[in-house]
Amino acid sequence: MAKKPTYKPRIADRLLQQRLQGKGAMLIEGPKWCGKTTTARQIARSVLDLGDSVALANAQTALQVNPSVLLAGGTPRLIDEWQTMPPLWDMVRSEVDRRQNFGQFILTGSSVPPSQASLIHSGTGRIGRISMRPMSLWESGESAGTISLAQLFDNAELPPTANSIDLQQMAFLICRGGWPQATLLKGETALEQARDYFEAVYKTDIHRVDSVRRNSERTRLLLRSYARNQGCAVSFKKMADDIKANDNMDITYETVSDYVDALKKLFVIEDMPAWNPNLRSSVPHQTSDTRYFTDPSIAAGALQIGPQDLINDLRTMGLFFEAMAVRDLRVYADALSGNIFHYRNAGGLECDAVLHRRNGSYALIEIKLGGTDLIEKGAATLNALEAKIDPDRMKIPAFKMVLTAIGDYSYRRPGDKVWVVPIGCLRP
């Protein structure tokens, strides 16, 4: 008999435990295969698995005959893929009100319900939300975790630490992605998990997200265009033009908008909003979102490229690494009560990531593949942006960082105090 895979602890474990202490129910949202159900099962004392077709059919019958049985069981009770039965949302909300106790239910879902109008109540005050994404490198065990973002926010002086991830391994990790099952596998078998995910999205999932019938081939081509434009603030019109130029298919702005909305409902796409700092300069800043997938392996699957393709084209690898770094920073930001933004102004000054916490502290982060020249360029950008911050109107950054794909060790530059940290050393 095959050995049962060992559970790899997730950052969401602690967040879920904490939030259940002050909410009657918690909703875990995120893409399929990212580990929502497995994480929830670590603390659930009973389970209603609506992802199982037999259980779903039985539950639909019970909903008509004896709906209270669906919520009966040890608490917290896990209701997996709840969105397949939207009435459960209001039932959970009402049951939380009736019981007047915390930690009663955990809901998980890999898409939003087909129609928000089907929900009577928003769940505000009763049902909290947390997001899960594919694993960060620290969760999957690839990052040594010797440099803590939380400690950097506390102005800790951390010693230089070694990094063991080289360029070849980094290319593999980008294409493999952070899908929990893939992290337990090796080589080509691990890479196939992300390819299977990509195919499932455009062949199957896009047709199930709501009542709209969408074209699989258009979905595939849109995902390819998204992959070509990840990390860029590209409009839907330009994306439609890109599909016409590269894939010879006419597609309207409205169609791109509709398909993107559906992919966001599936948590396949997660664009990055713009940061709005208080600057001395009056140069206007851009407010459009930057395009990203929830995991860089989706882009690799869309473009049908593997680790060696990235090694052979380091410019493209730099863009794909940026997408991986954004994924990890988003996971870490959740643990720090923060969010990730980008900054770009009309004068060409930009910052790849701004980790802004709820308490008002923030960090400026440039993402580079590595190498002296790119690190110098990233540090110069960070210093230029810091110089434009108006300290009378907002805090100065808690720290500045060039986050790299490769490098022998992490260190802090003595002059401008910019941290240079390989991603294989980072943790929240």
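Nothing here was measured: the structure is a model prediction, and the numbers come from that model.

**Examining the environment of Phe320**
Then, number 1: Tracing the backbone through its elements, the reader meets Phe320 in helix 15 (residues 314-335).
Then, number 2: Setting aside residues up to four positions removed in sequence, Phe320 forms contacts with Ile174, Gln230, Pro296, Ala299, Ala300, Leu303, Ile305 and Leu310.

**Remarks on unusual backbone geometry**
Then, number 1: Note the cis peptide between Thr75 and Pro76, where omega equals 0°.
Then, number 2: Within the secondary structure layout, Pro76 lies in the loop between helix 3 (53-65) and strand 3 (77-80).
Then, number 3: Unusually for a residue other than glycine, Phe267 sits at a positive phi of about 60°.
Then, number 4: Inspection of the secondary structure puts Phe267 in the loop between helix 12 (253-265) and helix 13 (296-303).
Then, number 5: A relative accessible area of 17% places Phe267 in the buried class.

**A short note on the packing of aromatic side chains**
Then, number 1: On inspection of all chains with the given rule, the structure shows 10 aromatic pairs.
Then, number 2: Judged by centre distance (5.1 Å) and plane angle (40°), the rings of Trp82 and Trp89 are tilted. With respect to class, Trp82 is no different from Trp89; both count as buried.
Then, number 3: For the ring pair Phe198 and Tyr202, a centre distance of 5.1 Å and an interplane angle of 50° mean the geometry is tilted. In this pair, Phe198 and Tyr202 both sit in helix 9 (residues 187-203), 4 residues apart, roughly one turn of the helix.
Then, number 4: On the basis of relative accessible area, Phe198 is assigned to the buried category, the value being 5%.
Then, number 5: With relative accessibility at 12%, the residue Tyr202 sits in the buried group.

**Some points on the side chain of Asp205**
Then, number 1: Tracing the backbone shows Asp205 in the loop between helix 9 and helix 10 (216-228).
Then, number 2: In terms of polar contacts, Asp205 uses its side chain to reach the side chain of Lys32, at 3.1 Å.
Then, number 3: Not counting residues up to four positions away in its chain, the partners in contact with Asp205 are Lys32, Ala200 and Leu266.

**Brief notes about helix 9**
Then, number 1: The terminal C-alpha atoms of helix 9, which comprises 17 residues, lie 25 Å apart, in line with the 24 Å expected from a rise of 1.5 Å per residue.
Then, number 2: Buried within helix 9 are the following residues: Ala190, Leu191, Gln193, Ala194, Tyr197, Phe198, Val201 and Tyr202. Buried residues of helix 9, seen end-on, are gathered within an arc of 160° and therefore sit on one face of the element.
Then, number 3: Packed against the buried residues of helix 9 are helix 7 (167-176), helix 8 (180-183), helix 10, helix 12, helix 13 and helix 14 (307-312).

**Side note on the pattern of salt bridges**
Then, number 1: Within the structure shown, the criterion is met by 34 salt bridges.
Then, number 2: As a salt-bridge pair, Asp334 and Arg133 come within 2.8 Å of each other at their nearest N and O atoms. Remark: Arg133 occurs in the loop between strand 5 (127-131) and helix 5 (137-140) and Asp334 occurs in helix 15; sequence separation between them is 201 residues.
Then, number 3: Note on Asp334: relative accessible area 23%, which makes it partly exposed.
Then, number 4: For Arg133, a relative accessible area of 11% puts it in the buried group.
Then, number 5: Residues joined in a network through salt bridges with shared partners are Asp210, Arg214, Asp258, Asp261 and Lys265.

**As for the nonpolar core**
Then, number 1: One finds Phe321 and Met401 to be the most contacted residues of the largest nonpolar core, which totals 81 residues.
Then, number 2: Examining the composition of this core, we find that 12 residues originate from one element, helix 15, more than from any other.
Then, number 3: For Met401, the residues in contact, after removing those within four places along its chain, are Leu149, Leu152, Leu364, Ile365, Glu366, Leu382, Val418, Trp419, Val421 and Leu426.
Then, number 4: With 20 residues, the next largest nonpolar core counts Ala25, Leu70, Leu71 and Met91 among its residues.

**Overview of helix 3**
Then, number 1: For helix 3, with 13 residues, the first-to-last C-alpha span of 19 Å sits near the 18 Å given by 1.5 Å per residue.
Then, number 2: Within the span of helix 3, buried status applies to Leu56, Ala59 and Ala62. Seen end-on, helix 3 carries its buried residues on one side only, within an arc spanning 125°. Among the exposed residues of helix 3, those pointing more than 90 degrees away from its buried face are Ser53, Val54, Asn58, Gln64 and Val65.
Then, number 3: Capping the start of helix 3, Asp52 holds a side-chain oxygen 3.1 Å from the backbone nitrogen of Val54, two or three residues further along.

**Looking at empty space enclosed by the protein**
In this approach, a probe sized like a water molecule rolls over the atoms, and the result shows the empty space that is left.
Then, number 1: In this structure the tally under the stated criterion is 3 cavities of 30 Å³ or more.
Then, number 2: Taken as a whole, the largest cavity holds about 70 Å³ of empty space.
Then, number 3: As for the largest cavity, its lining consists of Arg10, Ile11, Ala12, Leu15, Ser131, Met132, Arg133, Glu139, Val331 and Asp334.
Then, number 4: Secondary-structure elements contributing two or more residues to the lining of the largest cavity are helix 1 (11-20) and helix 15.
Then, number 5: Broken down by class, the residue content of the lining of the largest cavity amounts to 5 nonpolar, 1 polar and 4 charged.
Then, number 6: One number sums up the size of the second largest cavity: a volume of about 50 Å³.
Then, number 7: Lining the second largest cavity, in full, are Cys175, Leu191, Ala194, Arg195, Ser297, Ala300, Gly301 and Ile305.
Then, number 8: Secondary-structure elements contributing two or more residues to the lining of the second largest cavity are helix 9 and helix 13.
Then, number 9: In terms of residue class, the lining of the second largest cavity is made up of 5 nonpolar, 2 polar and 1 charged.

Each value, and the rule that gives it
Within any chain, residue numbers begin from 1 and follow the written order of that chain's sequence. pLDDT decides what is reported in this predicted model: residues at 70 or higher carry local features, side-chain atom pairs at 80 or more are listed and counted, and totals for whole chains, interfaces and linings draw on all residues regardless. Excluded from the side-chain calculations are hydrogens and water; all other atoms, namely the structure's heavy atoms, are used. Helix numbers and strand numbers start at the N terminus; a helix is a DSSP run of H or I with at least 4 residues, a strand a run of E with at least 2. We call two residues in contact when some of their heavy atoms are within 4.5 Å. For each residue, the accessible area found with a 1.4 Å probe, counting protein chains only, is set against the maximum for its type, and the residue is called buried under 20%, exposed over 50%, and partly exposed in between. Paired rings are identified among Phe, Tyr and Trp, the last through its six-membered ring, by centres lying within 6.5 Å, and are further divided according to the angle between planes into stacked (under 30 degrees), edge-to-face (over 60) and tilted (the rest). Whenever two N or O atoms come within 3.5 Å, that pair is a polar contact, provided that in protein one can donate a hydrogen and the other can accept it, and provided that, for residues adjacent in sequence, both atoms are side-chain atoms. Expected helix span is taken as 1.5 Å per residue step, with the number of steps being one fewer than the number of residues. An arc is given here, and it is the one of the directions from the helix axis to the C-beta atoms. Whenever Lys or Arg places a side-chain nitrogen within 4 Å of a carboxyl oxygen from Asp or Glu, that contact is recorded as a salt bridge. The criterion is simple. A nonpolar core is a set of buried Ala, Val, Leu, Ile, Met, Phe, Trp, Tyr and Cys residues joined through side-chain atoms within 4.5 Å. Here a cavity denotes a set of grid points, spaced 1 Å apart and computed over the protein atoms alone, in which a 1.4 Å probe fits but from which it cannot get out, and a pocket denotes an open set meeting protein on both sides within 12 Å along at least five of seven lines; residues with an atom within 4 Å of a point are reported as lining. Grid points are joined across faces, edges and corners, and a volume is the space filled by probe spheres set on the points. Basically, the charged four are Asp, Glu, Lys and Arg, the nonpolar ten are Ala, Val, Leu, Ile, Met, Phe, Trp, Tyr, Cys and Pro, and anything else, Gly included, counts as polar.

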